[in-house]
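# Tertiary structure, described
Below, each chain spelled out in residue letters.
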Amino acid sequence: MKNILFIFSDQQRQDTMGVYGQKLNVTPNLDKLAEKGTVFENSFTVQPVCGPARSCLQTGIYPSQLGTFVNGVALPKNVKTMADYLNEKGYETAYVGKWHLASDDGIEEYHYKPVPEDKRGGYKDYWMASDILEFTSHGYDGYVFNKDMEKVDFKGYRADKITDFALDYLDNKVSNSPFFLFISYIEPHHQNDRKTYEGPLGSKEKFQNFDIPEDIKSLGYGDSRENYGDYLGCCNSIDKNVGRLVKRLEEKGILEDTLIIYTSDHGCHFKTRNRNLKKPGGDDYKRGPEDGVIKTPLIISGLEYLENKREKTFVSLLDLPPTILEWVGCHSYEQMQGKSIKERINEKNEEVFIQISESFVGRAIRTKEFLYCVYAPEKNPWKDGWSEKYEGLYFYDLKKDPHELNNLIEDINYKSQRETMKKKLIESIKKYENLDCEIK
């Protein structure tokens, strides 16, 4: 059996990478990895918030069904995870970095404490992580906890040190068992307590010639002009560390025997979209249905059946657990709601179902041509995970309006298209949430 290296960034837009059109030399190592593997042009999160996105990635189940639809809700202990399945297949399971799935905020918090073994999602052989990494560290310096719940301080740039821990695992591994190593960076996520992005020193100068993406520029820039250089610096740092990881695998003679997956939990719109529906302009970075936050980078190297260097099939975070399990020969994972990438390609999938929380209780369907989003105005987006009644909120014609600037939710010229998308959305809610709902 082959090894599996899963590399996960946080809040990274597709267009930060050369293979997705970035003009600056931000991601040379990832671009090189893409030459060996496949770039997915239509890769999506299914919930653009850190904890919910992570919960669906670890389990293959939508956050509404897990109860993890907002941050600060622990992963249920009775749900079988990717790591659980791989443990049964004889894999060593190792986790490094940001977890964000242990704390039940206000009840049982691990913000500054070690995560107990029964809250680690089945990762049992190596653990060097913090539940809320941005609370225990900054761009430079901080601490995590090891498998024995001991505090481990680090000095230096955070992404580099997280990589050091992963390399330590690879260097000190003694068994002949294949490994599943999951590395979860917090970069390029902003540092909440400092209200800024923290790239390596010199990032602003190194990437001063950046072009701000058109969707952000068209909506008034938000806080991008002062932060985009550091944002790209964070992405460049991850890329440098991907290079270190690939080099170590090569040195050990196991690169060709390792499946490598690189993706992110969601994107970022730099405070240019409405967080709540009463404010003109946003005060948030995600929590919406637009491409800037729901589209994610995805590169996979080592899946033999991937023939295209650029794949247009729609896939999501939800599809990655079945993809991994199918690849290792595990075909019984009925509770998972996604499908393997092989299945998605075979069925030529061209749509994805999105759940929204914290900003509003919402649901969306995204196809090649349109984005249709609804919300439940009477529901509390921090307490309610679902609704039986929704109202139309956004409708975008993506071919004419790729930056989603012109909301057509009430445009009479798109009535038939909205009805088609409404039916698709109702079917998805029924399929994935087992709910009959009404959409006005």
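Attention here is on the structure that accompanies the text. As the structure is a computational prediction, the values presented were derived from the model and not from experiment.

With that settled, the discussion passes to the sheet that holds strand β17 (residues 438-439). What links the strands of a sheet is backbone hydrogen bonding, and the strands pair in either a parallel or an antiparallel sense. Taken in spatial order, the five strands of this open sheet run β13-β14-β15-β16-β17, and their pairing is mixed. Looking along the sheet, the strands with just one partner apiece sit at the ends: β13 (351-356) and β17. With five bridges connecting them, strand β14 (residues 362-367) and strand β15 (residues 370-375) associate as antiparallel partners. Each bridged residue has a counterpart across the sheet, and for R366 the counterpart in β15 is L371. Along the sheet, helix α12 (residues 415-433) contacts β13, β14, β15, β16 (389-397) and β17; its crossing angle with β14, the most-contacted strand, is approximately 115 degrees.

Judged by nonpolar contacts, the single largest core of 82 residues is most densely connected at F180 and I300. Looking at this core, the element that brings in the most residues is β15, giving six residues. Judged by nonpolar contacts, the second largest core, of 39 residues, contains L33, L170, V242 and Y262.

This part takes up helix α5 (residues 158-172). Taking 1.5 Å of rise per residue, 15 residues should cover 21 Å, and α5 covers 21 Å from first to last C-alpha, within 8% of that figure. Listed as buried for α5 are R158, A159, D160, I162, T163, F165, A166, L167, Y169 and L170. Of the surrounding elements, those touching the buried residues of α5 are β4 (92-98), β5 (126-130), β6 (140-146), β7 (151-157), β8 (179-184) and α8 (224-251).

This brings us to the environment of K161. Here K161 is to be found in helix α5. Put simply, K161 and G97 are 64 residues apart on the chain and 9.5 Å apart in space, counted from C-alpha to C-alpha. Excluding residues that lie within four positions of it along the chain, K161 makes contacts with F154, K155 and G156. Of note is the side chain of K161, whose polar atom sits 3.0 Å from the side chain of D164.

Moving on: the packing of α5 against α8. Contact pair α5 / α8: the axes reach a minimum separation of 10 Å and the direction vectors enclose 10 degrees. As the angle between them shows, α5 and α8 are arranged roughly parallel. Considering the relative orientation of α5 and α8, their crossing is right-handed. Here A159, D160, T163, D164, A166, L167, L170 and D171 of α5 come into contact with α8, specifically with S237, K240, N241, R244, L245, R248 and L249.

On to the packing of aromatic side chains. Tallied over the entire structure, the rule returns 36 aromatic pairs. Judged by centre distance (6.3 Å) and plane angle (85 degrees), the ring pair of F360 and Y375 falls under edge-to-face. You can see F360 sitting in the loop between β13 and β14 and its partner Y375 sitting in strand β15, a full 15 residues away along the chain. Comparing F360 with Y375, the two get one shared label, buried. Through a chain of ring-to-ring contacts, three or more aromatic side chains come together here, namely F6, F8, Y95, W99, Y123, W127, F180 and F182.

How each quantity is defined
- Residues numbered from 1 in each chain as written.
- Predicted model: local features only at pLDDT ≥ 70, side-chain atom pairs only at ≥ 80, totals over all residues.
- Heavy atoms only, no water.
- Pairing = 2+ DSSP bridges.
- Helix = DSSP H or I, 4+ residues; strand = E, 2+ residues; numbered from the N terminus.
- Contact = heavy atoms within 4.5 Å.
- Axes fitted to C-alpha atoms, helices over the stretch in contact; angles between N-to-C directions.
- Core = buried A, V, L, I, M, F, W, Y, C linked by side-chain atoms within 4.5 Å.
- Buried < 20%, exposed > 50% of the residue type's maximum accessible area, 1.4 Å probe, protein only.
- Expected span 1.5 Å × (residues − 1).
- Polar contact = N/O pair within 3.5 Å; in protein donor to acceptor, adjacent residues only side chain to side chain.
- Parallel < 35°, antiparallel > 145°, perpendicular 65-115°, else oblique.
- Left-handed = near helix turned anticlockwise from the far one by under 90°.
- Phe/Tyr/Trp six-rings, centres within 6.5 Å; stacked < 30°, edge-to-face > 60°.

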